[in-house]
Each structure stands twice: as structure tokens, then as C-alpha cells.
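Structural features, examined
Next come the chains, spelled out residue by residue.
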Amino acid sequence: MSSIQLPKVLQNRKTSLEQERENSQKFQALSISKAVNQIEQPIKEKHVRSTIIGTFHEKGANLFWSVGLRMPVEDNPIVAWKFCHLLHKVLREGHQNVLLQSQKYKSKLNDFGKLWGHLREGYGTLISRYCTLLITKLKFHQQNPKFPGNLQVTPDELMNFGENDINNYFQMAVEMFEYLDDILALQNAIFGSLDMSRSNSMTSSGQCRLAPLVPCIQDSSPLYDYCVKMLFKLHASLPADVVSGHRERFLKIFGELKQFYINASNLQYFKNLIQIPLLPDSPPNFLLQSDLRTYVTPVVVMPEENLQPDHQDSIETASFFEAADLVDLTPVQPPPPVPPQNGRRSSPSPPAIPPLPDIVAQRDQLIQQLQAEILRLKGEIQKLLAQHEEIYSQLQDQIVDLETKLAQKESELTQERQTKEELLVKAEAASAAEEVQRKAKEKEEKFQKLKDVYGNLRKEHITLLRQKADVEKQLNVSRQKADALLKTQTTAEEKLQALLSERSTLEEGLQQTATEKDSAIAELEKAKEQAVAQTTAVQSRLDRILNEKSNLESELHDLLAQKLEAEEKLEESDHISKQVQSNLKAESELKMLALLESVVKQAEKMLQNAVSEMDNPALAAVTCSSDYLKCLCGPADKTLEQLGPTLDKYRADQEGIDELANTVTQAAHNLSWLLLHGKAVSQTSTDIEIGDNMLEQCKFIGNGALQLMGLLKSKDTWGGVSEALSAVRSQVQSLGTLAERLEGRGTPLDTAGDLLESELESMEKAIDEAASKIEEMLSKSKAADSGIKLEVNSKILDACTALMAAIRELVIKSRTLQEEIVGQSKGSASVKEFYKRNSQWTEGLISAAKSVAIGAHFLVEAANEAVTKGGKLELLVVASQQIAAGTAQLVVASRVKADRKSGNLDKLSQASRGVSTATGAVVAAAKACRNMVENADALDVSGLTLHAAKRLEMDSQVRVLELESSLQQERMRLAALRRHHYQLAGEAEGWEKKLHDFSTDWSQTPDIPE
């Protein structure tokens, strides 16, 4: 039965061309669907190549768009991203009709981009940017249809596209700039979406995002080349300022495109796909046409692709195209007709049916072929599985290695992060100085812009003055013409006078002839004819003269009319000239005032920033010397001194606006610089009172300068500038005086280390000398004294010797701890550099060493007075307390930078307690000796009478009152001396008054006995 129905099926079979076209369309739709799938990996080149070949088969992109619009591009972002990539490749390399037929889908792309633009994460922004780029490409080819999709044209073709019209080149350059801007925007979005700390270029997701950059690089390279050549042509035909906008836009694109190529070339993914050109270090100089000869065109090179398809795709393609060959579908030819017998027409016979055994044989043969093909494919599958297992094991080993490397990299990354945090902390300290420099640079740029504006106004003023000179020249020419007309009038009048004189002469001749008529009648008769002839001639001549007179009179009237007209024009020209001059002067004055107001506003803003920066906590790290501050006061006072005469000069003759603007800007700059450095000096001043006065003076200067700039803004308030200027100058001079008072105070940082070593050595030497002198006094006292005096001297000198020994031990422990501190904290710096960086700590040690040395000398003198000369024992108490205070200061200064767990610090604390004990022993010995002396000198009252006892009692009361008064005065004197001593010590050694830094150490300071 099946053999009978087979021919009926074959009767509806399509022609070979239709079948081939249908198979081609199915294959192209299959390639597009395989290329644009939902797997996050780059599209395969074989599917792209098949799609491009399909556009040449179809001679257009209708099939591509019909298949693409049916895909879920609005549902899946990966499908949408791959569709944009495939469309870009098709527009570049597809059939020439693809660009023309795709123009009607720009609105689709626009809606498509807006839809995905709402998704701010992932592929949303990337798809929106890519749709914008594709729309720009379609618009570019619509406006420039002669460009092919891959943008590859020769230089001659590029020049011919512009039709030798500079406007066309100008517009074409703008369109190419827009094209490049969209390419750069897309690459910025792609690189911005990647985490560059990971190897995104070697992962499938990273490659999926990076793959569209290949056609972007292919488009950007020729566009850059065409822009360079067209800009050289524009600069050769137009002035440089006309194409300055093109030049600036190209420089911006050049920098971004160069960075794009560098970023892409560093990725491993692109090394096997494309050879990226490198742009030169500096952009071409379009102002020099000679640079065009040295310009090198960047060329993008694509490596040869492996055109062999994968085995699985070969099987699918073969099975798709050879499905029809599994059954022989050739039409069955009917048997030839049987000729009629015996002349009869035979009736039509049914078609011949092929024998059934042939069909069964063909089917068996086909089954055998398929089984053989199945066996072959099974063998290949087994081989592929073995290869897959081998590759899997290799990849497992690589994964283990990579995990080990990843752990190492993570540890290195942790270390790098710690280093980065340290560098950030260091960079924050330098950011403040950089910010100040940046603001100063911005202010300089603003000043330069104002200077350029002033130059342009000055050029316009010069141009108007030249126009005025031209008008004056025309007036002079008109005056010369009027003078010529007056000369012509004078000449005509002279000719008229000559004709009148000639007429009078003729009339006189006629009268003379009439008088001689009677005496010469005969002669007249004879000469009648001659006289008549002469009279006729004279009459004609007279008529001619009268005619000339009338003509000259008419010419004279015309000349007079022309003279009046010329005078009117001259007056009108003078009026116009005066009006133009007044308008120019008023306009120039307004512009100058506007310029001055702008300069003053900028100066006021500069001062306002300086005043606000004085309250900025970040400025606390800035330091400055008083010498440099004093140097800054001079230029500031000088510019303020110049400001008054400059303003008076401008008010007098309305000239010198440039000098006034420069003076105002310079004064604001100097005052701002002075305020910031004054703040820095005030916060590092060793004298708190002077520092506070200096800071207060800086605030007065800032407020006075702002008030001065406010008066300079308006022309109506210039009357009060002189008074404000004098106030600011006096304040600046007062600040300079305060800076002079700070000069020379404090220890130089470079010699701090040497001075510390010198003071410590002097202290040790003083302690040794004091100990030796006390021992010498003890030996002398033992040899010369006896009784109570020897006992008193021995106790005092023994206590002083024990105190010197304890102090020597304390100094040794302090030196050991100091060396440990310097060794641990100096790092790679030298010892002097360490002392220089820690100048305040060094000055504290120097002060403590000086105090101990002075106390040692004082103790020796007090002991000598007490032993040899019977001096007061209270001097010993004071001297021992002073030494104890100096050693306590030395201990505190050493503890500031010492490690709390240091063994040397514990030893120093023990030595400090020893000093305290020895000091207490000296005090106790002094009190005991005083009691012994008082007991020895006790008053014997056994022999006193009543009157004598009363007298002694009164004398004793008077002595008590005198001693109390003397004690009160001495206490006041002691307080005054201490205040003066602290002030002198602070000025000489640079002590800081902020004791809160040492608050944690005072709790561990050894107690000083009273």
C-alpha cells in the first residue's frame, strides 16, 4: 500500500531551487537562533559567519530581522546583548542592502534601548548604550551612503565624498566625532561593569561582555584616521580659531581612545582575536601641515580564523541538508505508451507499479548503511568521551593549582590592602597641600581669563579709535574741498572785476570820441563806417562779457550752495563724531567698571576662602616660620601702599584700569597667603600670648580686607577706601611686628640632637663634680670639726652624697632608655633626623638636663654654705627639691616615647623612686640637724627676772611678726620669679604649653617631698 501512495506524495514536491532556498532560510534561522541564545558566553564566529553569508544569499536583511524580532530580546538581557552584537557584525560585514533595509528599524532599536535603560544593573545600561551606538551607525550611513558598512575607503575616495566642499568636510567630521563618542561611551560602560581585580577576560561571563569591543575597535580605528586627515584639510583651508572646537573635541577623543586601546590590549582575551593598534604618545599638531607627512595610519589586523566547523555542528548540518537524501525522492517516470494494435486506439492503462522486491532491497540496503553509520558514530563518541575524561582530569589538576594560587593571591591581597590603608593615611596628609595648590592654580587661571577679557576690550577700544581717525580724515577731505570751492569763487570774482574795468575803459573811450565829434566831423564821417563797425564789435564783445558774467554768477551761486551743503555735512559729521566718541567713552567706562567689579569680586572670594580656611581643622598640620611670615608682610604692605595712588589716578583721568586690576588681584593674593601662613605660625608659636595675638590680628586683617573689597565694588563708595586701606596696612604692620618678636626663639631643629647630647654630658659632668666636691667637703669637715658640728656636717654631706649617687644612677638609666627609644623609633632615619622630627620631645629632655645640672651646682653651693659658713639649712631643702623636680621632668620626658612593657622603663622608675627616697633623706637630715642646732642653742631662762622675761617675750613677738612679713614677701617674690623663669625658658627652648599630651604620664611621676 505504501508503494502505491508514494507517487501521490511526490507529485506535490517543490522544485530544486525552491527547496534549496527553503533549506538556506532554515539554516540561516538556525544559525541566528544558535548565535543568540541564553548562555552567558560570547557568540561563536561560525554562527556569525553563517548569518553574514545568509545576507548575501538573500541580498538583504529582511530574513534576519524577521527571525530576530521573534526572539525574546525584551525578556532576557543576555539574548538582547548577543542580538546587538550580531546586528553590529551584520551591519559591518553583511550585504550592502543590509544598511538600507535596516533604516526602518531604528525606532525599534530606540524603544529597545529605552526599555533596557531602566535596568541600572547588569546588562541594562550596556544594552542601552549599544542600541544608541547602532542607531548612530545607521544615521551615519544614511547621511553618508557612500561609506560601506566596514568603513574601509581609500584616501582619494574619502576626499571625493566631500565633493571638494569644505562645509561637507566640516559636517562629516562632526558626525564622525559623534560616532566615536558613542563607541567610547560603550567601552567605558563595559569596563566599568567588570571587576578588574579578577580575570574577567578569561571567564565566559567576562568574554560575553568584552566580545562586542572587537567590532568597536574595527570601527574606531578608521574613524580616527579619517578625522585626522579631514582636520588637516580643514586647518589648511580655514583659520585656526574657526576649527578650534573641532580641535578640542578631537584632543578629548584622542585621550579616551588611546586609553581604550591600552586597556583592551592588556587583556588576554583580545590577544588571539585582534591585533589592536597603539596610538602615538602625543596627538597630531594640526597647525603644522608638515605633521601630516609623518602621520602613520593605525591598522587593525584580524588573525586568520579556523574555518573548520565543530564535529557536532557538522553532524547537525549534514543531517539537516541530507535528510532528503535518505529516501530517493526523484520523480518516477511513467512507462512509454503502448502502440495501438490493429489500428485501434487502446484505452489508457494505469501507471506501472515498480516491483515490490526492488523496494525491499533498497530499504535493506539503506538500513545497512544507517547501521554502519551508527557504528562509526559510536566509535567516534567513545573516542570523544575518552578525550573528555582526559581533559577533565587535566582541568581538575589545573583547578587545584589555581585554588592554591588563589589562596596565595588572597594573602598577598590582604597585605596589599594593609599597605594601601597605610598609604591612604599618608596621602591624606599631602591632600591638604595639594588642595591649596589646586585652588591657587584655579585662582591664577581665573585671573588669566580676566586678563584675556581685558585684552579683548582693549582691542575693541583701539578699533573704535581707528574708526574715529577715519571719520576725522573724511572731515578733513570735506574741508579741503570747501577751501577749493572758496578759492574758485575768489578767482571768479577777480575775473568779474577785470571785465568791469575793461568796460569802464571802453566807456571812457566812447566819451572821448563823442567830445572830439564836433572838431572832427569830417574825420568822423570818413570814419563813420569804421566807428559803426567798431561799435558793433564792442557791443558784441560787451554782450559776450555780460553772458560770461551771468554764467560766472550762476556758477558762484552753485558754489555757494555747495559750500553751504558742505558746511552742513561738516557740522553733521562733527556731531556724529562727538556722539560716537561719547558713546565709545561711556561704553568703555562701563566695561572697565564691570571688569574692575569682576576682579574685585574674585579678590573678595579669594580672601573669603582664606578667612574660612583659617577655621579649617586640616590646616593644623601646616607649619611656617616667623621669618617667612615677616618676609610675606613686606609685599602685602607694598601692594596695599600702591593700591591708593592707583585708585586716585584712575578716578582722576579714567586711565590705568589694568594697573588697578592687577594691584587689587595682587593685594588679595598676598593678603590670602599672609593669612594662611599667619595662622600656621600662630598655632606653632612657643609663646601662647603672642600666638593668640597673631591669630586675632590675622582675623582683623581678613575682615578689614573684605571690607576694603566691598568698598571697591561700587564707584559710589570709593571715598571710604583710603581710611579702610590705612587700617588694613596698620594691621599688617602689627602682624609683622609680632613676627619679629618671635624671631630667634626656640631651638634650631637641625642642632637639636647635638644640643641634647651636649646638655646631657654637661649634666653628667655637673653631677660628678658635685659628688666629688661633697666628698671633699666631708673629708675636710672630719679633719677640722668635732662635736655637734661634725655630726651635723656628716649627716648633711652623707645625705647629699647618697642623693648624688641616686641621681647618677637615674641619669644612667635615662640614657639607656633614651638610646632604646631612638633605636626603636628612628627607623631608616639617622639619630639627628629623629631628634629633628621630635623637636618638642627633644627640647623637653634638654630643659630637664639643664634643670638637673643647675640643681646640682645649687646643692653643692648650699652644702658648702651650710658646712663651712654656717648657712641656712633651708637652702639644702630647696636645692634637693629642685634636683628632684628636674629628675622628675627627665623621667616624664623619657616615658612619653618609651614602650610601656620595656624593662629599661621599669629600671628608670626604680631609679626615680631612689631619687625620691634620697631627696626625702636630705630633707629629713636638714630638719634633724636644725633641731640639733636649736636644742644646742636653747634659751636658759633660769636666771631671768620678770622684767627681763617680759622684754625677751616682746622681742620674740616682734621677731615673729617680722619673719611672717618677710615670709609673705619672699613667697610673692618666689611666685614672680617662677613666672618670669617659665616665660624665659619657653622663649629660649620652645616649650609647648599644651600639657594634655603628658596627662597620662603625670600619674606615674614620683612624689616630691616637701
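As shown above, the structure is provided for reference.
Attention in this report is confined to the structure presented alongside it. Quick caveat, the model's predicted, so the values are computed rather than measured. (Residues numbered from 1 in each chain as written. Predicted model: local features only at pLDDT ≥ 70, side-chain atom pairs only at ≥ 80, totals over all residues. Heavy atoms only, no water.)

Structural notes on the overall build of the protein
Within the protein one finds 31 helices and 0 strands. For the protein, buried positions account for 35% of its 1010 residues. A separation threshold of at least 6 residues defines the contact pool for the protein, and within that pool the share at least 24 residues apart is 80%. Counting only carbon and sulfur atoms, one obtains 53% of the accessible surface of the protein, whose full area is about 61,500 Å². (Helix = DSSP H or I, 4+ residues; strand = E, 2+ residues; numbered from the N terminus. Buried < 20%, exposed > 50% of the residue type's maximum accessible area, 1.4 Å probe, protein only. Contact = heavy atoms within 4.5 Å. Areas by Shrake-Rupley, 256 points an atom, 1.4 Å probe, with all protein chains shown as cover.)

Quick notes on the nonpolar core
In this structure, F112, F147, M176 and F270 are the most contacted members of the largest nonpolar core, which totals 89 residues. Top contributing element to this core by residue count: helix α12 (residues 213-237), with 13 residues. When near neighbours in sequence (up to four residues on either side) are disregarded, F112 contacts V73, E74, A80, F83, C84, I127 and C131. (Core = buried A, V, L, I, M, F, W, Y, C linked by side-chain atoms within 4.5 Å.)

Some points on the side chain of K82
Tracing the sequence through the fold places K82 in helix α5 (residues 77-93). The buried charged residue K82 lacks any salt bridge partner; its closest oppositely charged side chain belongs to E40, at an N-O distance of 9.0 Å. A distance of 2.5 Å separates a polar atom in the side chain of K82 from a polar atom in the side chain of N37. In this view, K82 contacts A35, V36, N37, I39, Q41, I43 and C208; residues no more than four positions away in its chain are not counted. (Lys, Arg positive; Asp, Glu negative; His and termini not counted. Salt bridge = Lys/Arg side-chain N within 4 Å of Asp/Glu carboxyl O. Polar contact = N/O pair within 3.5 Å; in protein donor to acceptor, adjacent residues only side chain to side chain.)

What to know about unusual backbone geometry
With a phi close to 60°, K59 is a non-glycine residue in the positive phi region. Structurally, K59 can be placed in the loop between α3 (45-58) and α4 (62-68). A positive phi angle is found at N164, which is not glycine, with a value near 60°. If you trace the backbone, N164 turns up in the loop between α9 (155-161) and α10 (166-193).

Some remarks on the packing of aromatic side chains
Evaluated as defined, the whole model comprises 18 aromatic pairs. Here the aromatic rings of W65 and F83 are separated by 6.0 Å at their centres, their planes lie at 75°, and the arrangement is edge-to-face. Linking W65 in helix α4 with F83 in helix α5, this pair joins segments that are 18 residues apart in sequence. Like W65, the residue F83 is buried in the burial classification. In this structure, R209 packs its charged tip against the face of Y123, placed 4.7 Å from the ring centre. (Phe/Tyr/Trp six-rings, centres within 6.5 Å; stacked < 30°, edge-to-face > 60°. Lys NZ or Arg CZ within 6 Å of the ring centre and 35° of its normal.)

Overview of α12
The terminal C-alpha atoms of α12, which comprises 25 residues, lie 36 Å apart, in line with the 36 Å expected from a rise of 1.5 Å per residue. Where burial is concerned, most of α12 is hidden: 22 out of the 25 residues are buried. (Expected span 1.5 Å × (residues − 1).)

Here we look at the pattern of salt bridges
Throughout the structure, instances matching the rule amount to 13 salt bridges. A salt bridge links K252 to E256; the nearest nitrogen and oxygen atoms lie 3.1 Å apart. Taken together, the residues span about one helical turn, with K252 and E256 both in helix α13 (residues 244-265) at a distance of 4 residues. With a relative accessible area of 51%, K252 lands in the exposed category. A salt bridge links E380 to R376, with the shortest nitrogen-to-oxygen separation between them at 2.8 Å. Here E380 and its partner R376 are both found in helix α17 (residues 356-515), 4 residues apart, which amounts to about one turn of the helix. Under the relative-accessibility criterion, E380 is labelled partly exposed at 23%. When its relative accessible area of 41% is taken as the criterion, R376 is described as partly exposed. Here the residues in one salt-bridge network are R92, K137 and D219, joined through shared partners.

Some thoughts on a nonpolar patch on the surface
There is a patch of nonpolar side chains on the surface, built from V436, Y628 and W673 and spanning about 240 Å² of accessible area. Note on placement: W673 falls in helix α21 (residues 657-683). Using a relative accessible area of 31% as the deciding quantity, one classes W673 as partly exposed. (Patch = residues over 30% accessible without salt bridge, like charges linked within 9 Å, V, L, I, M, F, W, Y side chains within 5 Å.)

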